[in-house]
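One letter stands for each residue in the lines below.
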Amino acid sequence: MSAILVTGGAGYIGSHVCKALARAGHLPVSLDNLSRGHRDLVRFGPLVTADLDDRAALRHTLAEHPIAAVVHLAGYTYLGESVRQPGLYYRNNVGGALALLETLVEDAAQAPPPLVFSSTCAVYGTPERMPLDETPPPAPINPYGRGKWMIEQMMADFRAAHGLAFTALRYFNAAGADPEGETGERHDPETHLIPLAIAAALGRGPGLSVFGDDYPTPDGTAVRDYVHVSDLAAAHVQAVEALLGGAPGGVFNLGSGQGASVRQVIAAVAAATGCPVPATVTGRRPGDPPVLVADSTRARRELGWQPARSDLPTVVADAVSWHRRDWG
């Protein structure tokens, strides 16, 4: 059994990754300061409660188990917050990643453990063609995306200087929940469309705001690629095992390859809950592209990744089941 350090293991995606790693026979060791994670979601391995820049805690964790590979998911993820508080994002996300990288390479006598990094399609900014593969040069338009791109560049520099093997997984829209109900999405504040639509339908939140209905899309609302969080978790396991097997790593988009509009999501939530979704159309948000859909051919070819639950009805149904249970 390989011990895998999962930074941010108490979070939404992190908890699903831990479950997938445990199912694959690994021991996920979560490191999380619980500022935005949840202790009760750490169910599949031990929890180390510490900040990422606590180098002593990192050293102790790396030595205690010992760690064969690292999955780095810890970080703040709100695009709007990153625009309002860029220093917070650069200090936490970029600074935390630097502390992790420096700690991993401290022992010059042995190769650092390979690293799988949670990146984002936000590194692309506003791309010109769809579906989107990995070839366009990154051009992020907010501090969140710029920070993720900086970390990718940092990892490349550490590979050149210290032999760090790494893979960067650029997610599109993570959605859904564990189909067995053991973990799911719990953000405060919540900003993601599917849980907001579910909350509106079930009377657990305000009516849904639809940001623009005049896009050049079939129904006028923005189109996004929703990928089931359990499929994302499976990709992390495949990426870890590929690196442990000596694969060179790389950069991979992770998406379903299918776009769904805001109105299609609203209809799917209404069907899954049996309740209408109260919604009001407001103005577009600055910087929102009309369409974002992934071309994940590289991940399918090189990692053997095959999303199994990323059709919209399944994504929404799993999310509804989780939220009904979590909200009581």
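Residues numbered from 1 in each chain as written. Predicted model: local features only at pLDDT ≥ 70, side-chain atom pairs only at ≥ 80, totals over all residues. Heavy atoms only, no water.

Looking at an unreviewed UniProt entry, one finds the chain named UDP-glucose 4-epimerase and attributed to Roseospirillum parvum. In the Subunit (unreviewed entry) part of its UniProt record, the chain is described as follows: "Homodimer." In the Cofactor (unreviewed entry) part of its UniProt record, the chain is described as follows: "NAD(+)". (UniProt positions renumbered as here; feature names shortened; annotations may be inferred.)

K.L.:
Explain the layout of surface pockets to me, please; I cannot follow it from the model alone.
P.N.:
One way to see where empty space is left: roll a probe the size of a water molecule over the atoms. Volume-wise, the second largest pocket comes out at about 290 Å³. Forming the walls of the second largest pocket are 19 residues, and the residues nearest its centre are Glu190, Pro195, Leu196, Ala199 and Trp327. Sorting the residues of the lining of the second largest pocket by element identifies helix 6 (193–201), strand 8 (208–211) and helix 10 (312–327) as the ones contributing at least two each. Broken down by element, the lining of the second largest pocket gets its largest block of residues, four residues, from helix 6. Of the residues belonging to the lining of the second largest pocket, the class tally is seven nonpolar, six polar and six charged. (1 Å grid on protein atoms, 1.4 Å probe; cavity = no way out; pocket = protein on both sides within 12 Å on 5 of 7 lines; lining within 4 Å. Points joined across faces, edges and corners; volume = space filled by probe spheres on them. Helix = DSSP H or I, 4+ residues; strand = E, 2+ residues; numbered from the N terminus. Nonpolar A, V, L, I, M, F, W, Y, C, P; charged D, E, K, R; others polar.)

K.L.:
How should the nonpolar core be read in this particular structure?
P.N.:
Across soluble globular proteins, nonpolar side chains have a tendency to be buried as a group. Within the largest apolar cluster, 30 residues are counted, with the highest numbers of intra-cluster contacts made by Ile13, Val71, Leu169 and Leu254. Of all the secondary structure elements, the ones that give two or more residues to this core are strand 1 (3–7), helix 1 (12–23), strand 4 (67–72), strand 6 (166–171), helix 7 (229–244), strand 10 (250–254) and helix 9 (297–303). At eight residues, helix 7 tops the list of elements feeding residues into this core. Two domains share this core, each providing at least three of its residues, namely domain 1 (2–172 + 228–254) and domain 2 (175–225 + 257–327). With residues up to four places along the chain from it excluded, the contact list for Leu254 reads Leu169, Arg170, Tyr171, Phe172, Val227, Leu232, Ala235, Ser296, Ala299 and Trp305. Counting residues in hydrophobic clusters, the runner-up holds 28 residues, among them Leu62, Leu101, Met154 and Phe166. (Core = buried A, V, L, I, M, F, W, Y, C linked by side-chain atoms within 4.5 Å. Buried < 20%, exposed > 50% of the residue type's maximum accessible area, 1.4 Å probe, protein only. Domains from an automatic or database assignment. Contact = heavy atoms within 4.5 Å.)

K.L.:
What exactly am I supposed to notice about the domain arrangement of the chain here?
P.N.:
Note: interface size is frequently given as the accessible area lost on complex formation between the parts. In terms of domain boundaries, the chain breaks down into domain 1 (2–172 + 228–254) and domain 2 (175–225 + 257–327). On a C-alpha basis, the centres of domain 1 and domain 2 stand 24 Å from each other. Each side of the interface is counted separately: domain 1 has 35 residues, and domain 2 has 38 residues. The contact between domain 1 and domain 2 buries some 3100 Å² in all, and 56% of this surface belongs to carbon and sulfur atoms. Taken as a group, Tyr12, Tyr78 and His228 account for 22% of the area that domain 1 buries against domain 2, more than any other trio of residues on that side. Where domain 1 touches domain 2, the interface holds six salt bridges. Between Glu182 and Lys19 there is a salt bridge, with its nearest N and O atoms 2.6 Å apart. Across the domain 1-domain 2 interface, the total number found is 26 residue pairs in polar contact (both at pLDDT 80 or more). For the side of domain 1 that touches domain 2, the elements supplying multiple residues, two or more each, are helix 1, helix 7 and strand 10. No other element matches the eight residues that helix 7 contributes to the side of domain 1 that touches domain 2. (Buried area = accessible area lost by both parts, 1.4 Å probe. Salt bridge = Lys/Arg side-chain N within 4 Å of Asp/Glu carboxyl O. Polar contact = N/O pair within 3.5 Å; in protein donor to acceptor, adjacent residues only side chain to side chain.)

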